[in-house]
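Residues per chain are reported as follows:
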Amino acid sequence: MNGLVGLPYNTLVVAAAVAAVGFAAGVVGSFGVLRRRALVGDAASHATLAGVVSAFLLTGRRDLPTLLAGAFVAALVGLGVLVAIRRFTRTRDDAATAIVLGVSFGLGIALLSGLSARGVAGAGGLEQFLVGHTAALTAGDAATLAGVSLAAVLVVWLALKEATLVAFDPAFAAASGWPVTLLDYALVALVAVMVVVGLPAAGAVLVTALVVIPPVAARQWTERVGPMLLLAGVIGLVAAVGGVVASAAVPRLPTGPTIVLAAAALFAVSFFFAPQRGWIARRRMIRDVARRIAAGTLQPDEDDADGG
Amino acid sequence: MSADGASAPALELHDVTVAYGRRPVLWNVDLAVTAPGLFGIIGPNGAGKSTLLKATLGLVPLAGGRVRLFGKPLAAVRDRIGYVPQRETVDWDFPVSVMDVVLMGTYARLGWFRRPGAAEREAARAALERVGLADLAGRQIGRLSGGQQQRVFLARALAQAADLYFLDEPMAGVDVRSQERIFRVLDDLRREGRLVIVVHHDLRTAADWFDGVALVDMRLVAAGPTASVLTPENLRRTYAGHLDVLDELGRAVERGGRTS
């Protein structure tokens, strides 16, 4: 790799914007994971493709804000259908998610193939939303993505107390008067925003990894919500920038897969090497306890002795 | 207690009926309890005890009837209500410390977007002191025993500084020493003039601690002072068809006879 210095100005601007997207996806995604809504982003992201193609069909335009607006509407429609299936049928969460994910993605692919089969002028390039392609972004697009990302982080920071309370104990939150359903919808909408903003970088299929992997990796290193959000943001940022740089260096390499692979590598490191929750630390602890039991030197913890 | 609380019963249920889907779980419950007091809601598994509590707090919808707290609808007096949910309802692997959880008791008073400050931290620390967990304030909540976790929940409710407390099975899966400690705190709350409503499953400890009880088995079987409610006849009516508790029942009746 030649390093950032060798990259053209536009690539640097795009890399900075994608860094902001990666950071915000990690922060927002943390609450998705903590509230056990990790799969919601998956359903939303697969629905976006149909939105991108529909926006192009309806408006004839293919500028990024138009296409992403279409993607956002489609994500919300997909989530709305998900809520409706859960509410009005006896279908379980995972099945409902799989239905919305599969059907909406199938619709998106069908629309996309229909367009290319008829050779519609200007339709070329929409398939880049499948796997992510940052090279085509303009500086203006980059600024939009970065702006929305920073706004999303700001919202989370503002409502940190409320989001933590609802994610941890929704029954207590409701009993003390917080609008839990409203906050849940707001969280899901925010995840949908990040999925849409991450679309140009990671693509419809993989963008959900950007809101799930960094939080799960970050959780390994810390026992507090604040540090977890920050770390998830940093991991998302590093993965996103790594993906952009790698795909800029290697011709025709899409950004989505490289971002996800970079995030997965950081997750693997976290999974094995985190100081307390990591696999190696846990193995060592179990072995240590077994040895102390065998030696008869294990004493009850003083803290636990007071009330078991 | 404020003056208006003294005039109306702290808890008043009129003809409360609750159904999950098509299945009714509670029928026509009428109950009035005045402050101060330590009041148990007792009945067999699946009798609707927790549902009664959740319906009172607006967490499950009423199919019929109404709830009045201090003579007012719930929404008007929420800031005077404290709540301890069942321990298993939350993920104890959640990345928060003991102190973080207790501070949640101050959130409703703080309102939107305001963060807890020195006063809230002081209140949380005092609450932890009261349940005997002050030196574990910084610990992640998953690294506590079941009894300690239950005391964290109690401390969070204490930080709510309420006049009327609802506790859902606070003694379930809790060791004897923690039970003792929890009951002592609840007893202090009563002494301070508050009303504490406890959903409870253990008949043996009920007679020792509660000054009033309600026996529930989908309907209200009986309610009033503990000694007059925990009679062999009432217990038989509540636990009819629950052979598994007959042994426990015998012991409770024995004890009830001795204390009354």
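In case you missed it, the structure is sitting above this.
Residues numbered from 1 in each chain as written. Chains lettered and ligands numbered in written order. Predicted model: local features only at pLDDT ≥ 70, side-chain atom pairs only at ≥ 80, totals over all residues.

Colleague: If you had to explain the sheet that holds strand β8 (residues 212–216) of chain B to someone new, which residues and values would you point to?
Modeller: All names here are of chain B. Read across the open sheet, the six strands follow the order β5-β6-β7-β3-β8-β9; overall the sheet is mixed. Of all the strands in the sheet, the pair left with one neighbour each is β5 (81–84) and β9 (220–225). The sheet shows a mean angle of 15° between the axes of neighbouring strands, taken without regard to direction. Sheet topology note: the β8/β9 ladder contains five bridges and is antiparallel. Residue V216 lies in a different strand from β9, and its bridge partner there is L220. Of the strands in this sheet, β5 and β6 (164–168) touch helix α7 (residues 146–159), which is tilted by about 170° from β5. (Pairing = 2+ DSSP bridges. Helix = DSSP H or I, 4+ residues; strand = E, 2+ residues; numbered from the N terminus. Axes fitted to C-alpha atoms, helices over the stretch in contact; angles between N-to-C directions. Contact = placed C-beta atoms within 7 Å.)

Colleague: Break down helix α6 (residues 118–131) of chain B for me, citing the residues and quoting the values.
Modeller: Residue and element names in this part refer to chain B. Helix length check: α6 (14 residues) gives 20 Å between terminal C-alpha atoms against 20 Å at 1.5 Å per residue, within 8%. Buried residues along α6 sit in contact with α4 (98–103), α7 and α8 (176–191). Directly after α6, the chain includes G132, whose backbone phi takes a positive value near 80°. (Expected span 1.5 Å × (residues − 1).)

Colleague: Please provide a residue-by-residue account of the interface of chain A and chain B, values included.
Modeller: Taken together, the contacts link 24 residues of chain A with 26 residues of chain B. Looking at the side of chain A that touches chain B, the elements that each hand over two or more residues are α7 (160–168), α8 (170–175), α10 (225–249) and α13 (302–305) of chain A. Among the elements that take part in the side of chain A that touches chain B, α8 of chain A stands out by supplying four residues, more than any other.

Colleague: An account of unusual backbone geometry is requested, with residue identities and associated values reported.
Modeller: Residue and element names in this part refer to chain B. Following A35, the chain continues to P36 via a peptide bond in cis, the omega torsion being -5°. Its location among the elements puts P36 in the loop between β2 (23–33) and β3 (37–42). Unlike most non-glycine residues, E169 shows phi in positive territory, near 50°. In this structure, E169 sits in the loop between β6 and α8. A positive phi is found at M218, a non-glycine position, where the angle reads about 65°. Examined against the element boundaries, M218 turns out to sit in the loop between β8 and β9. On the basis of neighbour count, M218 is assigned to the partly exposed category, with 18 C-beta atoms found within 10 Å. (Buried ≥ 20, exposed ≤ 12 C-beta atoms within 10 Å, placed from the backbone.)

Colleague: Explain the nonpolar core to me, using residue names and the numbers behind them.
Modeller: Core analysis: the largest hydrophobic core is formed by 178 residues, its most contacted members being V191, M194 and A263 of chain A together with V102 of chain B. Broken down by element, the residue count for this core peaks at 25 residues, all from helix α9 (residues 180–219) of chain A. Excluding anything up to four places from it in sequence, V191 of chain A contacts V28, G29, G32, V40, G41, A44 and V211 of chain A. (Core = buried A, V, L, I, M, F, W, Y, C linked by C-beta atoms within 7 Å.)

Colleague: Requested: an account of the sheet that holds β2 of chain B, with residues and values cited.
Modeller: Residue and element names in this part refer to chain B. Spatially, three strands are ordered β2-β1-β4 in an open sheet, and the strand pairing comes out antiparallel. Of all strands in the sheet, those with a lone pairing partner are β2 and β4 (64–69), marking the two edges. Along the sheet, successive strands turn relative to each other by an average axial angle of 20°, direction set aside. Pairing of strand β1 (residues 11–20) with β2 involves seven bridges; the strand directions are antiparallel. Within β2, the position partnered with L13 by the bridge is L31. Along the sheet, helix α2 (residues 49–56) contacts β1, β2 and β4; its crossing angle with β2, the most-contacted strand, is approximately 65°.

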